[in-house]
Amino acid sequence: AQSVTQPDIHITVSEGASLELRCNYSYGATPYLFWYVQSPGQGLQLLLKYFSGDTLVQGIKGFEAEFKRSQSSFNLRKPSVHWSDAAEYFCASDLNTGFQKLVFGTGTRLLVSP
Amino acid sequence: ETGVTQSPTHLIKTRGQQVTLRCSSQSGHNTVSWYQQALGQGPQFIFQYYREEENGRGNFPPRFSGLQFPNYSSELDVNALELDDSALYLCASSLGSSGSGDEQFFGPGTRLTVL
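1. Observations regarding the overall build of chain A
Stage number 1. Check the secondary structure of chain A and you find zero helices and twelve strands.
Stage number 2. Its helices and strands in sequence order give chain A the pattern β-β-β-β-β-β-β-β-β-β-β-β, from N to C terminus.
Stage number 3. For 114 residues, the compact-globule estimate of 2.2 N^0.38 gives 13 Å, and chain A sits close to it at 14 Å.
Stage number 4. In terms of overall dimensions, chain A has C-alpha extents of about 45 × 30 × 25 Å along its principal axes.
Stage number 5. Relative to its full complement of 114 residues, chain A shows a buried share of 47%.
Stage number 6. Considering only contacts in chain A between residues 6 or more positions apart, those separated by 24 or more positions represent 53%.

See the structure below:
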């Protein structure tokens, strides 16, 4: 069965430091992969997505993610974190089943320290 | 361009009651999906509607049902509420019938508490 794992429940990063959030997917073929961010009281906002092609994907707000087939991973990175990046981050996958069904990980809460 | 809106924002019900949650999709979008997000968890797919027909369903019992209207707005109905139904219910809309890959735009959600 399709699943997404985010091994880190919480991560604390100093403002200005780099960030990497981990995501692993479990599926035989390559699914579509997404990263979403959720701030308190807000819906989910798409940061970036990977379908095929270039394995390094650029997104909004300075985020990027790298797809590594050999590791079944799709880690999210940002070179310099801002206090406004504090939020919950979700990795999700979508198999090409004929309808859109996102399978989400359990999320990683990012805390940014001064 | 109006984004996805949901009503109500918060709702408190008692066990055994029924509830209806509403979603207005983003302008021009013909597909609506519903997700349940329990506290501390990622969202879980409930079902999806495309042009007023259900075209995909997750692992939720039949007491979770829905509708999509000609203007592509949608309702989620939950009967015989259970304590475990307490969650944030998210609606997402997208444009397309091609299946996976279309970007889904999420609303802010409805927080349902079942006592």
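2. Digging into the packing of aromatic side chains
Stage number 1. Overall, the coordinates contain 16 aromatic pairs over all chains when judged by the stated rule.
Stage number 2. Taken together, a centroid distance of 5.7 Å and an interplanar angle of 90° make the contact between A:F104 and B:Y35 edge-to-face. Of this pair, A:F104 sits in strand β11 (residues 102–104) while B:Y35 sits in strand β4 (residues 31–37), which puts the two residues in different chains. Of the two residues examined, A:F104 and B:Y35, each falls in the buried class.

3. So, the interface of chain B and chain A
Stage number 1. Between chain B and chain A, the contact holds 26 residues from the first and 24 residues from the second.
Stage number 2. Inspection of the region where chain B meets chain A yields zero salt bridges.
Stage number 3. Taken together, the connections running from chain B to chain A amount to two residue pairs in polar contact (both at pLDDT 80 or more).
Stage number 4. Of all the secondary structure elements, the ones that give two or more residues to the side of chain B that touches chain A are β4, β5 (44–50), β6 (53–57) and β9 (87–94) of chain B.
Stage number 5. Class assignment for the residues of the side of chain B that touches chain A results in seven nonpolar, 16 polar and three charged.

4. Thoughts on the side chain of B:S93
All names here are of chain B.
Stage number 1. Residue position: S93 is located in strand β9.
Stage number 2. There is a polar contact of 2.7 Å between the side chain of S93 and the side chain of H29.
Stage number 3. Setting aside chain neighbours within four positions, we find S93 in contact with V4, S25, Q26, H29, T31, V32, E103, Q104 and F105.

5. Comments concerning the pattern of salt bridges
Residue and element names in this part refer to chain B.
Stage number 1. Going through the model one piece at a time under the given rule, you end up with nine salt bridges over all chains.
Stage number 2. With its nearest N and O atoms 3.3 Å apart, the salt bridge here joins E82 to R63. Here E82 is found in the loop between β8 (74–78) and β9, whereas its partner R63 is found in the loop between β6 and β7 (64–68), with 19 residues between them in sequence.
Stage number 3. Among the residues examined, E82 registers a relative accessible area of 39% and is labelled partly exposed.

The rules behind these values
Residues numbered from 1 in each chain as written. Chains lettered and ligands numbered in written order. Predicted model: local features only at pLDDT ≥ 70, side-chain atom pairs only at ≥ 80, totals over all residues. Heavy atoms only, no water. Helix = DSSP H or I, 4+ residues; strand = E, 2+ residues; numbered from the N terminus. Rg over C-alpha atoms; globule rule 2.2 N^0.38 Å. Buried < 20%, exposed > 50% of the residue type's maximum accessible area, 1.4 Å probe, protein only. Contact = heavy atoms within 4.5 Å. Phe/Tyr/Trp six-rings, centres within 6.5 Å; stacked < 30°, edge-to-face > 60°. Salt bridge = Lys/Arg side-chain N within 4 Å of Asp/Glu carboxyl O. Polar contact = N/O pair within 3.5 Å; in protein donor to acceptor, adjacent residues only side chain to side chain. Nonpolar A, V, L, I, M, F, W, Y, C, P; charged D, E, K, R; others polar.

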